[in-house]
Amino acid sequence: AQKITQTQPGMFVQEKEAVTLDCTYDTSDPSYGLFWYKQPSSGEMIFLIYQGSYDQQNATEGRYSLNFQKARKSANLVISASQLGDSAMYFCAMRERTGNQFYFGTGTSLTVIP
Amino acid sequence: NAGVTQTPKFQVLKTGQSMTLQCAQDMNHNSMYWYRQDPGMGLRLIYYSASEGTTDKGEVPNGYNVSRLNKREFSLRLESAAPSQTSVYFCASSEVPTVNTEAFFGQGTRLTVV
């Protein structure tokens, strides 16, 4: 079974609008962390935001927030007030307490339309 | 801060040739990783090293070997390159395996095997 599932290969959003990128995960470990990374066309991997499994509140970092629904095992990334520079590939990832790996999804390509 | 440095950035190999991808980090991290990124498949773990002196196979280890030379350096070797190994390779590092620490990535190596 896939540890991380991203079902949206591509998304479009109008500049200044909000967009939600979906991520679901699968784990039996009660302790885990969820991460979102951005990969612009230049290729580097940029860490955006983190959510711990025991965190009571949804994580926020500037225009990024994570909609964490533990019972549904989803960790969707919300980008508010989209900018042209947000056009990139976005990856959801998970790290479990009982392992040393980061598991990545297949990514969502976001295009911001002027 | 250099962070994670990978060399080379680009490489073209002929089928059957060998090469070593170099990775070094200056953040005193214990854990280091090698991923490959292919279109539509996200990042897949090739090998990782939880600490100096240890290495473990990831999801796609066939055709690769690794060496954790010291705490800073983790190299990936292709003994006999195949066209199926055409990919973008990323080295990453992170703190001791706790769920709340992100992975830091190098700039990637774009490898083409002809």
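See the structure above.
First, a word on scope: everything that follows refers to the structure included in this document. (Residues numbered from 1 in each chain as written. Chains lettered and ligands numbered in written order. Predicted model: local features only at pLDDT ≥ 70, side-chain atom pairs only at ≥ 80, totals over all residues. Heavy atoms only, no water.)

1. Some words on the environment of A:Asp55
Residue and element names in this part refer to chain A. One can find Asp 55 in the loop between strand 6 (46-52) and strand 7 (60-61). Judged by relative accessible area, Asp 55 falls into the partly exposed class, the value being 36%. Sequence separation of Asp 55 and Met 89 is 34 residues, and the distance between their C-alpha atoms is 26 Å. Not counting residues up to four positions away in its chain, the partners in contact with Asp 55 are Tyr 50 and Phe 68. (Helix = DSSP H or I, 4+ residues; strand = E, 2+ residues; numbered from the N terminus. Buried < 20%, exposed > 50% of the residue type's maximum accessible area, 1.4 Å probe, protein only. Contact = heavy atoms within 4.5 Å.)

2. What to know about the state of the cysteines
Working definition: the covalent bond between the sulfur atoms of two cysteines is a disulfide. Residues and elements named next belong to chain A. Tallied over the full model, the rule gives two disulfides over all chains. What pairs with Cys 23 in a disulfide is Cys 92, and their sulfur atoms sit 2.0 Å apart. Taking the torsion about the sulfur-sulfur bond, which here is approximately -65 degrees, the covalent link between Cys 23 and Cys 92 counts as left-handed. With Cys 23 in the loop between strand 3 (19-21) and strand 4 (24-25) and Cys 92 in strand 10 (residues 88-96), the pair connects residues that are 69 residues apart, well separated along the chain. Each member of the pair, Cys 23 together with Cys 92, is buried. (Disulfide = S-S within 2.5 Å.)

3. Side note on the nonpolar core
Buried together is how nonpolar side chains tend to be arranged in soluble globular proteins. Residues and elements named next belong to chain A. Among the nonpolar cores identified, the biggest contains 24 residues, and Tyr 25, Trp 36, Ile 49, Leu 77, Tyr 90 and Leu 110 are the most heavily contacted of them. Mapped by element, the contributors of at least two residues to this core are strand 3, strand 5 (32-39), strand 6, strand 8 (64-69), strand 9 (74-79), strand 10 and strand 12 (108-113). With four residues, strand 10 is the largest single contributor of residues to this core. Setting aside residues up to four positions removed in sequence, Tyr 25 forms contacts with Lys 3, Ile 4, Tyr 32, Leu 34, Phe 68, Lys 70, Lys 73, Ser 74, Ala 75 and Met 94. (Core = buried A, V, L, I, M, F, W, Y, C linked by side-chain atoms within 4.5 Å.)

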